[in-house]
Amino acid sequence: MTEYDWRPEHATKSLNRILPEVEKTFAAELGRVSHEWQKFKNRLHREWERLFAYLHQLYGWQYDFFYTLEQIINTLVQYWLQRPAELKSLDEKREADPFWFLSENVVGGVLYVDLFSDNLAKLDEHISYFKKLGINYLHLMPLFAVPKENNDGGYAVSDYRGINPDIGTMEELSKLAAALRDEGISLVLDFVFNHTSDEHIWAQKAKSKDPDFMAYYHTYPNRELPDQFQKHLREIFPAVRKGSFTWCEEMKRWVWTSFNSFQWDLNYSNPEVFRAMAEEMLFLANQGVEVLRLDAVAFIWKRLGTNCENQPEAHTIIRAFNAMAKIVAPCLLFKSEAIVHPDNVIQYIHPDECQLSYNPLLMALLWEALATRVVRLLEHSMRNRYPTPSGCTWVNFVRCHDDIGWTFDDQDARNIGIDPASHRRFLNKFYTGEYPGSFAKGVPFQFNTDTGDVRISGTLSSLAGLEDALEKQDSELIEQAVRRINLLRSILVSIGGIPLLYIGDEWGMLNDYTYLTDPGKASDSRWVHRSRKRWNDREDLTDQDTLEWRFFHEMVKLFSLRKTLPALQNGGMEVIHIENPHLFGYIRAFGGQKILVVNNFAEKPQTMDALQLKACGATKDVIDLIKNEVLSSGKDLVLNGHQSVWLDIS
Ligand code: GLC
C-alpha cells in the first residue's frame, strides 16, 4: 500500500488561506491588472503543489513554516507586479514555444563586459558584431558590484542589484537587455547564489553581530564543528589557502568559505536566506535576463559527515527557485554550473530544475583526445553519458573563463584499460607543456601540494598549439594548430546542445601573461585566458591573409551551416564506434534529416572504411556539408589530419 501523501491537500489549504490576504495587501495594484491576475493565479495553482512540497522538505520542521509560506507568496506577487509588460509578453511567447532553446538556431557567446567593450554602454555598439558572428544567446560574465580587489573575477558579489560602477548601471543593463531582445539575442547572466562577498550588506551586518544576519551565513564560535566538517571537504582553491573556513575578527567566529576567504557561503537552512535570494533572482529576471547561470550549484547545502556537495537539498532549493520562476517569469531558464563528477552533473538537469547545463565532461575529454590522438575514452564516456532528460540540453564549450579539470569517471577509464590517476598526471604534464613533444602552452592552476592535483588554464588557441607554433615561426605547426582549433570548434557546433563560444576564440586569442604584473590577479592563473586583447574586426576583416580572418570566417561558416540543419536540433546524439582509434563519430538525426559527423584527432590522414560508412546509413553518394563535396557511394572516407566532416546521410 502506498503511503497517504497529505501534502497536495494541505498545499491547497494553505494557498486558500494565504492568497485572499495577499490580495488584500496588493489590492490597489491588482485592481490595475485584473485581466492578467487570473493568468498569474493559474500558474501559481499549477506550480504551488510542488513548491509547497519543496518548501516543506526544506523548512517544514520550523515552527513558523506558515509564515515562510506567506512570505514566499508575497514575494511572488510583488515581483510579478513589478515585471515589465514587455517581459510579460515574452513570457507568453516562450510559454507558447517552451523548447525554443533546443533549436539548431541557438548559438551562444560569453564575454567579460569590461574586457570586451570597457563598459555596458559601449557593448551596445557591438550588437552588429554578434549578429555577424551569428550569436543569439549572450552570457555576460558577472558584472555586479564587487569589492575592489578581492572579487574572484566578479564572483564575490556585494550587491545583486548594483552593477560594478566601472562597468555601468542597472538601468543600462536593462536597456541593453531590451536592445538585445529586439535583435533576437537572449541575455544570460550569472546568479552567484552559493556565496556573497564579505562586503555584502548582509555580511557587514553579520560582522556587526546582528543575529538575524549572522544566521545568513554558516558561522561557528570555535573549531569544533569546522574541524568535523573539514575532514570530508574538498579543497577548491588549495593554492590560495587551506581549509574551507575563515576566521572573522569582527564576529570572532569562523565563517564557511568554500572558495576564497572573502566569499561567504550562504546558509540555505535559513528560510530568510532562501527568500532573500529568490527575490534577487526575480529582480534579475525582471531586468530582462532570460537565462541564469546558477553558479557553484553543488555547494549550497551542508551536511555533517559528507563532502557537502550535491546534497539532496541542493536539488530541492533549485527546484523551488524553478517553480517560483515559472510562476513569476516563465521565460526564465536555469543553466547549472556543476563542475563535479559526471554522475552528479546529470542530476541537476531536469525541466523542473535546470533545463540547461554546462557539459564539463565533453570539454575535458575533447582535450584528452587532442593530447592522446586516441578517442576511446571520449567515445566510451559520451556513449553512456550524453543523454539528458527530454526538454533539456547541454551547453557545450571548449573553453570557458575557468580552468580545465579532468572530471572523467575513473571506472570509465579503467573499463578501457586506462589508469585514471596516471592518465591525469600525463594530461597535466601535456597541457603545461612539460611532456616531451607537447604542443600546448597551458599554465598550472591551483596546485595542491598535499594531493599533487592541479588544473589547467589557457586559451583554446594556446592550448591547441598556436602559441608554440607562432613562437617557432613554423608554418607547418601553425597549420596543424589551426586545424586542431577548427576541429574542436566543429564538434562544438555539431554535437547535441547549445554551442557556447568564449568570445576571442572566434579570432584565435592567445594566452595573455600580463596578469602576472597585477598583484590582484597574479596568483590566479585563470587570468591568462581572460584577456583584454582585442581584435579590430572592422579593419582586419578586409585582410584575408590574417589568421584572425580565417578563424573568424570558419566560425561564422560553421554557425550558419548549423542553422540550416534541422538534424542539429537537440534531438539527441548517437555515438558510433569506428574501427579506427583516431576517429570520433556520431549521428545527429531530427525531422527526417540525418547527419554523420566524423572527426579525426590525429595529425595524419585517417580512414573510415566504406563498409562502416554503409553500416551508418551512407548507402548512396553523400555530401560533406563543410567542404560541399560529394563522397561517392562505396568509397572509403579519408580524413586529413584533424579534419571534421559533416555528412548528410538522410
Ligand atoms: C564558479 C565560477 C568560478 C568561481 C567560483 C566561485 O565555479 O565559474 O569562476 O571562482 O564559481 O564563485
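Bear in mind the structure is a predicted one, so any value in this text is a computation, not a measurement. (Residues numbered from 1 in each chain as written. Predicted model: local features only at pLDDT ≥ 70, side-chain atom pairs only at ≥ 80, totals over all residues. Heavy atoms only, no water.)

1. Here we look at the overall build of the chain
Across its full length, the chain carries 25 helices and 25 strands. In the chain, the proportion of contacts linking residues at least 24 apart, taken out of those at least 6 apart, comes to 71%. Charged side chains of the chain number 71 positive and 89 negative; the gap between the two group centres comes to 2 Å. (Helix = DSSP H or I, 4+ residues; strand = E, 2+ residues; numbered from the N terminus. Contact = heavy atoms within 4.5 Å. Lys, Arg positive; Asp, Glu negative; His and termini not counted. Charge placed at Lys NZ, Arg CZ, Asp CG, Glu CD.)

2. Here's the deal with the site of the ligand
As a structural note, the neighbourhood of the ligand is formed by 13 residues, with Asp152, Arg293, Asp295, His401 and Asp402 the closest of them. Arginine 293 is positioned such that a nitrogen or oxygen atom in its side chain is 2.8 Å from an oxygen atom of the ligand. When the free accessible area of the ligand is taken as 310 Å², the share hidden by the protein chains comes to 95%. Here the ligand is seated within the largest pocket. Grouping the amino acids of the shell around the ligand by side-chain chemistry returns three nonpolar, three polar and seven charged. (Near = heavy atom within 4 Å. Polar contact = N/O pair within 3.5 Å; in protein donor to acceptor, adjacent residues only side chain to side chain. Areas by Shrake-Rupley, 256 points an atom, 1.4 Å probe, with all protein chains shown as cover. 1 Å grid on protein atoms, 1.4 Å probe; cavity = no way out; pocket = protein on both sides within 12 Å on 5 of 7 lines; lining within 4 Å. Sits in = over half its atoms within 2 Å of the grid points. Nonpolar A, V, L, I, M, F, W, Y, C, P; charged D, E, K, R; others polar.)

3. Some remarks on the sheet that holds strand β18 (residues 574-576)
With antiparallel pairing, six strands are arranged side by side in an open sheet as β18-β19-β20-β25-β22-β23. Unpaired on one side and paired on the other, β18 and β23 (629-631) mark the two borders of the sheet. Between one strand and the next, the sheet's axes are offset by a mean angle of 30°, whatever the strand orientation. This element, helix α17 (residues 376-385), spans β18 and β19 (583-590) of the sheet and lies at about 150° to β18. (Pairing = 2+ DSSP bridges. Axes fitted to C-alpha atoms, helices over the stretch in contact; angles between N-to-C directions.)

4. Notes on the environment of asparagine 74
Among the secondary structure elements, asparagine 74 is positioned in helix α4 (residues 65-82). Sequence separation between asparagine 74 and phenylalanine 26 is 48 residues, and the spatial gap between their C-alpha atoms is 9.0 Å. The contact partners of asparagine 74, leaving out residues within four places of it in the chain, are Val22, Thr25 and Phe26.

5. A short note on the pattern of salt bridges
With the rule as written, the count across this model stands at 47 salt bridges. Put simply, aspartate 152 and arginine 526 hold a salt bridge, and the shortest N to O gap is 2.8 Å. With a gap of 374 residues between them, aspartate 152 in the loop between β3 (144-145) and β4 (159-163) and arginine 526 in the loop between β17 (498-502) and α23 (537-540) connect regions that are remote in the sequence. A relative accessible area of 12% means that aspartate 152 is categorised as buried. Glutamate 379 is the salt-bridge partner of arginine 376, the closest N and O atoms lying 2.8 Å from each other. (Salt bridge = Lys/Arg side-chain N within 4 Å of Asp/Glu carboxyl O. Buried < 20%, exposed > 50% of the residue type's maximum accessible area, 1.4 Å probe, protein only.)

6. Some thoughts on the pairing of strand β8 (residues 245-248)
As judged from the four bridges shared by β8 and strand β9 (residues 253-256), these two strands associate in the antiparallel manner. Each residue of the ladder has a partner; that of phenylalanine 245, found in β9, is tryptophan 256.

7. Points about the layout of surface pockets
The calculated volume of the largest pocket comes to roughly 1,000 Å³. By volume, the second largest pocket is sized at about 840 Å³. Lining the second largest pocket are 39 residues, with Lys148, Glu149, Asn151, Gly153 and Trp527 positioned closest to its centre. Contributing elements (two or more residues each) for the lining of the second largest pocket: α6 (113-117) and β3. If one sorts the elements of the lining of the second largest pocket by residue count, α6 sits on top with three residues. Broken down by class, the residue content of the lining of the second largest pocket amounts to 18 nonpolar, nine polar and twelve charged. (Points joined across faces, edges and corners; volume = space filled by probe spheres on them.)

8. Here's the deal with the side chain of asparagine 396
Within the secondary structure layout, asparagine 396 lies in strand β14 (residues 393-396). By relative accessible area, which is 0% here, asparagine 396 ends up buried. At 3.0 Å, the side chain of asparagine 396 forms a polar contact with the side chain of asparagine 359.

9. As for empty space enclosed by the protein
For the structure shown, the criterion picks out one cavity of 30 Å³ or more. Roughly 80 Å³ of internal volume is contained in the largest cavity. Leu233, Arg234, Ile236, Ser244, Trp256, Ser258, Phe299, Lys302, Asn307, Cys308 and Glu309 together form the lining of the largest cavity. Of the residues in the lining of the largest cavity, the class split is five nonpolar, three polar and three charged.

10. Examining unusual backbone geometry
Located in the positive-phi region is lysine 209, a residue other than glycine, with phi close to 70°. With respect to the element layout, lysine 209 can be found in the loop between α10 (201-207) and α11 (211-214). Residue class for lysine 209 comes out partly exposed when judged on its relative accessible area of 46%. A positive phi angle, close to 50°, is found at alanine 296, a residue other than glycine. In this fold, alanine 296 is placed in the loop between β11 (291-294) and α14 (312-328). Looking at alanine 296, the relative accessible area reads 3%, which means it is buried.

11. Concerning the sheet that holds β17
The strand order around the closed barrel formed by eight strands is β1-β2-β5-β11-β12-β13-β14-β17, and the pairing between neighbours is parallel. Between one strand axis and the next, the sheet turns through 25° on average, direction left out of account. Contacts from helix α13 (residues 271-286) reach β5 (186-191), β11 and β12 (333-336), with the element oriented near 160° to β5. Set on the sheet, α14 makes contact with β5, β11 and β12; between it and β12 the angle comes to about 160°.

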